[in-house]
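Listed below are the residues making up each chain.
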Amino acid sequence: AQSVAQPEDQVNVAEGNPLTVKCTYSVSGNPYLFWYVQYPNRGLQFLLKYITGDNLVKGSYGFEAEFNKSQTSFHLKKPSALVSDSALYFCAVRDRGFKTIFGAGTRLFVKA
Amino acid sequence: NAGVMQNPRHLVRRRGQEARLRCSPMKGHSHVYWYRQLPEEGLKFMVYLQKENIIDESGMPKERFSAEFPKEGPSILRIQQVVRGDSAAYFCASLDSTFTDTQYFGPGTRLTVL
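I will try to describe carefully the structure that is included in this document. (Residues numbered from 1 in each chain as written. Chains lettered and ligands numbered in written order. Predicted model: local features only at pLDDT ≥ 70, side-chain atom pairs only at ≥ 80, totals over all residues. Heavy atoms only, no water.)

**Details of the overall build of chain B**
Step number 1: A count of helices and strands for chain B gives 0 helices and 11 strands.
Step number 2: Beginning at the N terminus, the succession of helices and strands in chain B can be written as β-β-β-β-β-β-β-β-β-β-β.
Step number 3: In summary, chain B has a C-alpha radius of gyration of 13 Å against a globular reference of 13 Å for 114 residues, a match within 12%.
Step number 4: In terms of overall dimensions, chain B has C-alpha extents of about 40 × 25 × 25 Å along its principal axes.
Step number 5: Counting only residues that meet the buried cut, chain B has 46% of its 114 residues in that class.
Step number 6: Taking the contacts inside chain B whose residues are at least 6 apart along the sequence as the reference set, 52% of them involve residues at least 24 apart.
Step number 7: When the accessible surface of chain B is split by element, carbon and sulfur atoms take 47% of a total near 5700 Å².
Step number 8: Charged side chains in chain B number 16 positive and 12 negative. The centres of these two groups are separated by 9 Å. (Helix = DSSP H or I, 4+ residues; strand = E, 2+ residues; numbered from the N terminus. Rg over C-alpha atoms; globule rule 2.2 N^0.38 Å. Buried < 20%, exposed > 50% of the residue type's maximum accessible area, 1.4 Å probe, protein only. Contact = heavy atoms within 4.5 Å. Areas by Shrake-Rupley, 256 points an atom, 1.4 Å probe, with all protein chains shown as cover. Lys, Arg positive; Asp, Glu negative; His and termini not counted. Charge placed at Lys NZ, Arg CZ, Asp CG, Glu CD.)

Okay, structure coming up:
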């Protein structure tokens, strides 16, 4: 069965510092991997996805993620955090079927 | 191109009443997912629909919950005889038929059961 884990409930980082939000997954076959962001009282917004190709995926708002097949990870990164990046981040995985499984979410706090 | 629309945004029901949540996908999208989000939790898959077809309803409770996506009009998630445990945010997401794999989410409906 497919699953996704976000091991950190919360990540704190100072503005201007690099940030990493971790995600590991388990899926049979080749995964489709996604990152979404949720601001308070809003729906999820798509950030980036990995389907195939380059392991480093670039997305919206300066975010990128690195697919690591051997470690079954898909960590979200940004070189320089902004206060406005503070939000709830979800990693998601989909197999070749239709169901998408979301992680529990990681709350990112960026301090000025 | 309007995004995914959900209404109402907030819905208050008393125990035992029915809740109807509507989702209009993005123009040209013919697939809809419904998810439930409890406070401080992630999204839980409920059902995946194509127009006039339920593709996967494995995440939906067997009783009181139903979903449809008619040929014309929005997708409807219906909860009969609501209980306090149904209080949550319900999100729909639409997907185009070319399966670009990116789901576009609506703003959600926050259901409160008194």
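**Considerations on the overall build of chain A**
Step number 1: When helices and strands are counted, chain A shows 0 helices and 12 strands.
Step number 2: Along chain A, helices (α) and strands (β) appear in the sequence β-β-β-β-β-β-β-β-β-β-β-β when read from the amino end.
Step number 3: For a compact globule of 112 residues, the expected C-alpha radius of gyration is about 13 Å, and chain A comes in at 13 Å, within 12% of that figure.
Step number 4: With the C-alpha coordinates of chain A rotated into their principal frame, the extents come out at 40 × 30 × 20 Å.
Step number 5: Within the span of chain A, comprising 112 residues, buried residues form 45% of the whole.
Step number 6: Put simply, 55% of the contacts in chain A that link residues at least 6 apart link residues at least 24 apart.
Step number 7: When the accessible area of chain A is evaluated, it comes to approximately 5400 Å², of which 50% is carbon and sulfur surface.
Step number 8: Here chain A carries 12 positive and 8 negative side-chain charges, and the mean point of each set is 5 Å from the other.

**Focus on the layout of surface pockets**
Step number 1: Approximately 330 Å³ is the volume attributed to the largest pocket.
Step number 2: Lining the largest pocket are 18 residues, and of these Gln38 of chain A together with Gln37, Pro39, Glu40 and Arg110 of chain B sit closest to its centre.
Step number 3: For the lining of the largest pocket, the elements supplying multiple residues, two or more each, are β9 (88-96) and β11 (109-113) of chain B.
Step number 4: The leading source of residues in the lining of the largest pocket is β11 of chain B, at 3 residues.
Step number 5: Classifying every residue of the lining of the largest pocket gives 8 nonpolar, 5 polar and 5 charged. (1 Å grid on protein atoms, 1.4 Å probe; cavity = no way out; pocket = protein on both sides within 12 Å on 5 of 7 lines; lining within 4 Å. Points joined across faces, edges and corners; volume = space filled by probe spheres on them. Nonpolar A, V, L, I, M, F, W, Y, C, P; charged D, E, K, R; others polar.)

**Remarks on the pattern of salt bridges**
Step number 1: Applying the stated criterion across every chain, the model contains 6 salt bridges over all chains.
Step number 2: The residue Glu66 of chain A makes a salt bridge to Lys77 of chain A at a minimum N-O spacing of 3.6 Å. Placement of Glu66 of chain A in strand β8 (residues 64-68) and of Lys77 of chain A in strand β9 (residues 73-78) is noted, with a sequence separation of 11 residues between them.
Step number 3: A residue is classified by how much of its surface remains accessible, and Glu66 of chain A, at 39% relative accessible area, is partly exposed.
Step number 4: The partner of Lys78 of chain A in a salt bridge is Asp85 of chain A, and the shortest N-O contact between them spans 2.8 Å. The pair formed by Lys78 of chain A and Asp85 of chain A is uniform in burial state, with each residue classed as buried.
Step number 5: Put simply, Glu18, Arg20 and Arg78 of chain B are held in one network by salt bridges that share partners. (Salt bridge = Lys/Arg side-chain N within 4 Å of Asp/Glu carboxyl O.)

**As for the state of the cysteines**
In a disulfide, the sulfur atoms of two cysteines are covalently bonded to one another.
Residues and elements named next belong to chain A.
Step number 1: Inspection of the entire model under this criterion finds 2 disulfides over all chains.
Step number 2: Sulfur-sulfur distance for the disulfide between Cys23 and Cys91 comes to 1.9 Å. Its S-S torsion of about -65° marks the bond between Cys23 and Cys91 as left-handed, since a negative value means left-handed. Residue Cys23 is found in the loop between β3 (19-21) and β4 (24-26), and its partner Cys91 is found in strand β10 (residues 87-94); the two are separated by 68 residues along the sequence. (Disulfide = S-S within 2.5 Å.)

**A few points about the interface of chain A and chain B**
Step number 1: Each partner contributes to the interface: chain A provides 21 residues, whereas chain B provides 23 residues.
Step number 2: When the two sides are added together, the surface that chain A and chain B hide from each other amounts to roughly 1700 Å², 52% of it contributed by carbon and sulfur.
Step number 3: When the buried surface of chain A facing chain B is broken down by residue, Phe98, Lys99 and Phe102 of chain A rank first, second and third, together holding 31% of it.
Step number 4: At the junction of chain A with chain B, the criterion picks out 0 salt bridges.
Step number 5: Contributing elements (two or more residues each) for the side of chain A that touches chain B: β5 (32-38), β6 (44-50), β10 and β11 (100-102) of chain A.
Step number 6: Here the side of chain A that touches chain B takes 4 residues from β5 of chain A, the largest share from any one element.
Step number 7: Here the side of chain A that touches chain B is built from residues that sort into 11 nonpolar, 5 polar and 5 charged. (Buried area = accessible area lost by both parts, 1.4 Å probe.)

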